[in-house]
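What the coordinates show
Residue strings, one per chain:
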Amino acid sequence: MHSTKLLTFIKKNNPNGGLSLIELLLASSLTALVLSIAGWGLVHILATDQKASAKGRIQFNANRASEFLSDEIRLARKIESDSVAALAEAPDFDLPAGAKPIIVLQIPRIPQRVIYSIRPIKEGDIWDGPIVIERWGPSFNKEGQYKEDEINQPDIWQSHVLVDSINDEVATANCPPDWQVSHVDSPSGFHACVDSQEKLVKFHLATTVDNPTWRQEINYKVSTTAFARSRITQGFTEEESAFTVINKKLTLEKPANVKFEVLGGQIVCSEGNVPVTTNVYIDADKQTWDSKSSLTLREQAAGTTFDVESIAGNGSMCGGHYETVSTSYANTSQLEVLVNGDLVPDHTPYGGQNTIESFMQQYVKDGKINIAENQVIYLFELWGDDQSQTYFDLQDNVVLATVDSTN
């Protein structure tokens, strides 16, 4: 009841008298109650509106950040399974105090790793906490491609906040079997699991926002699986490659001519050079050739797979040594499959043998593989799989594959 109407009602019942103190107090109390209810309602409406706006904001930001990160992962050749160790491949990057690298990408034509890290907010930040995700790498132009004048100048790359309001609660990443968490001490708000081939990553992004008037915080989570492509251009538009290399196996994406060449290699024991045989399997069908010349396989159909195999020794020398290494065994450490821009493995040749670079001089530049985008190089270790031993040098057999689309 409105206070003026209440006073009129009291006056009608006592037309000759004024208002008593009790009546004034009662009217004031009722007025205060009505105003309080109205005020509480207004505050509740404003809080609800703020809460809805905040929820929409963190959902939008989290989804956009996830999409941006997934797009750049697709540009990568490899996702580092150990993000901390991978910082050695980005010497111009300075990890801020309290920051942790979570996703580190090797991208073709980019001289250092692109790094996504987390850090707590600091005094003077315009960002909402408790932590933010930052990206370090070359900037993008308005077409969504890396700026050409920055690609080869990592000393001018800067870290920029990708998204804020990231949850900082500590959690244990639940990675699938044979996958590795990229940073063992990552928070629940941003962590990643990388597969054994460093081609797939599952990342989890959780945002949070709180306000005392809401009584409970708002949380929003995004979980995404992204795949690093092996053949891309330097922008966000993929090149239609004639092939892919997944789990060390070459597979044609379209009809093509495929040529294999043995560039060289050396494996010795006290009795001399160990003989090496190279085979190619086309959809599991064995092809042998004189490795002194090239092997060209014409008009191979889309979907055809190729495995390269090296065999060292024949059991008649070097203590009966006989070792077979093939791309059909994806997890073997005795084989590296490299594409343009990959670093040349740093191994000292055993017993004064020739270096890896000596067998592919025209395909190495500044310590990196320098081949065409339609080529792949295979490096074989044919004595054993113990990488701590001096014999492990990955130059026992070096094979080059070239894929030319027939379209």
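Parameters at a glance
- Residues numbered from 1 in each chain as written.
- Predicted model: local features only at pLDDT ≥ 70, side-chain atom pairs only at ≥ 80, totals over all residues.
- Heavy atoms only, no water.
- Helix = DSSP H or I, 4+ residues; strand = E, 2+ residues; numbered from the N terminus.
- Buried < 20%, exposed > 50% of the residue type's maximum accessible area, 1.4 Å probe, protein only.
- Contact = heavy atoms within 4.5 Å.
- Core = buried A, V, L, I, M, F, W, Y, C linked by side-chain atoms within 4.5 Å.
- Disulfide = S-S within 2.5 Å.
- pLDDT = per-residue confidence, 0-100.
- Pairing = 2+ DSSP bridges.
- Axes fitted to C-alpha atoms, helices over the stretch in contact; angles between N-to-C directions.
- Patch = residues over 30% accessible without salt bridge, like charges linked within 9 Å, V, L, I, M, F, W, Y side chains within 5 Å.
- Areas by Shrake-Rupley, 256 points an atom, 1.4 Å probe, with all protein chains shown as cover.
- Salt bridge = Lys/Arg side-chain N within 4 Å of Asp/Glu carboxyl O.

Regarding the side chain of His 183
Within the element layout of this structure, His 183 appears in the loop between strand E6 (180-181) and strand E7 (190-194). Accessibility expressed as a relative area gives 12% for His 183, which makes it buried. The residues contacting His 183, other than those within four sequence positions of it, are Ser 83, Val 84, Lys 100, Pro 101 and Ile 102.

Considerations on the nonpolar core
The biggest cluster of nonpolar side chains holds 38 residues, and the ones touching the most others in it are Ile 103, Leu 105 and Phe 190. Among the secondary structure elements, those contributing two or more residues to this core are helix H2 (21-75), strand E2 (100-106), strand E3 (114-120), strand E4 (131-137), strand E5 (158-166), E7, strand E8 (200-209) and strand E9 (218-227). Of the residues forming this core, the biggest block, five residues, is contributed by H2. Every residue in contact with Phe 190, bar those within four places of it in the chain, is listed here: Leu 69, Ile 102, Ile 103, Tyr 116, Ile 118, Ile 133, Ile 166, Phe 203 and His 204. Counting residues in each nonpolar core, the second largest holds 32 residues, with Ile 267, Trp 289, Ala 312 and Leu 382 among its members.

Focus on the state of the cysteines
Tallying each qualifying case throughout the model produces two disulfides. Covalently, Cys 175 is tied to Cys 193 through a disulfide, its sulfur atoms 2.0 Å apart. Since a negative S-S torsion denotes a left-handed disulfide, the Cys 175-Cys 193 link at about -80 degrees is left-handed. Linking Cys 175 in the loop between E5 and E6 with Cys 193 in strand E7, this pair joins segments that are 18 residues apart in sequence. Sulfur-sulfur distance for the disulfide between Cys 269 and Cys 318 comes to 1.8 Å. Between Cys 269 and Cys 318 the disulfide shows an S-S torsion of about -60 degrees. By sign, it is left-handed. Of this pair, Cys 269 sits in strand E13 (residues 268-269) while Cys 318 sits in the loop between strand E18 (305-312) and strand E19 (323-326), placing them 49 residues apart in sequence. In terms of burial, Cys 269 and Cys 318 fall into one category: buried.

Description of the confidence of the model for the protein
Overall, the prediction assigns the protein a mean pLDDT of 84, with 86% of residues at 70 or greater. When mean pLDDT is compared element by element in the protein, E4 scores highest at 96, while helix H1 (residues 3-13) scores lowest at 51. Low pLDDT, under 50, characterises residues 230-239; the stretch is placed with 35 contacts to residues that sit more than four places away or in other chains.

Quick notes on the pairing of strand E10 (residues 243-246)
Here E10 shows a clear split, with Phe 243 and Val 245 buried on one side and none of Thr 244 and Ile 246 buried on the other. The pairing of E10 with strand E11 (residues 249-252) spans four bridges and is antiparallel. From the neighbouring strand, Phe 243 faces E11, where its bridge partner is Leu 252. The antiparallel hairpin formed by E10 and E11 contains two residues in its connecting segment, where Asn 247 sits at a positive phi of about 55 degrees.

Comments concerning the sheet that holds strand E12 (residues 256-264)
Within the open sheet, the five strands sit side by side as E17-E12-E24-E23-E20. Their pairing is antiparallel. Here the strands that pair on one side only, and so sit at the sheet edges, are strand E17 (295-300) and strand E20 (335-338). Each neighbouring strand pair of the sheet contributes to a mean axis angle of 15 degrees, computed without reference to strand direction. Pairing between E12 and E17: four bridges, direction antiparallel. Bridging from a neighbouring strand, Val 258 pairs with Leu 297 of E17.

Examining a nonpolar patch on the surface
On the surface, Leu 26, Leu 30, Leu 33 and Ile 37 cluster together into a nonpolar patch covering about 370 Å² of accessible area. If you trace the backbone, Leu 26 turns up in helix H2.

Here's the deal with the pattern of salt bridges
Applying the stated criterion to the full structure yields 12 salt bridges. For the salt bridge of Glu 134 with Arg 119, the shortest nitrogen-to-oxygen distance reads 2.8 Å. Taken together, the residues Glu 134 in strand E4 and Arg 119 in strand E3 connect sequence positions 15 residues apart. Accessibility expressed as a relative area gives 8% for Glu 134, which makes it buried. With its nearest N and O atoms 3.9 Å apart, the salt bridge here joins Glu 261 to Lys 259.

Let's talk about the side chain of Asp 342
In this fold, Asp 342 is placed in the loop between E20 and helix H4 (356-359). Assessed through its relative accessible area of 8%, Asp 342 is described here as buried. Dropping the residues within four chain positions of it, Asp 342 is found in contact with Arg 77, Gln 106, Val 337, Gly 367, Lys 368 and Ile 369.

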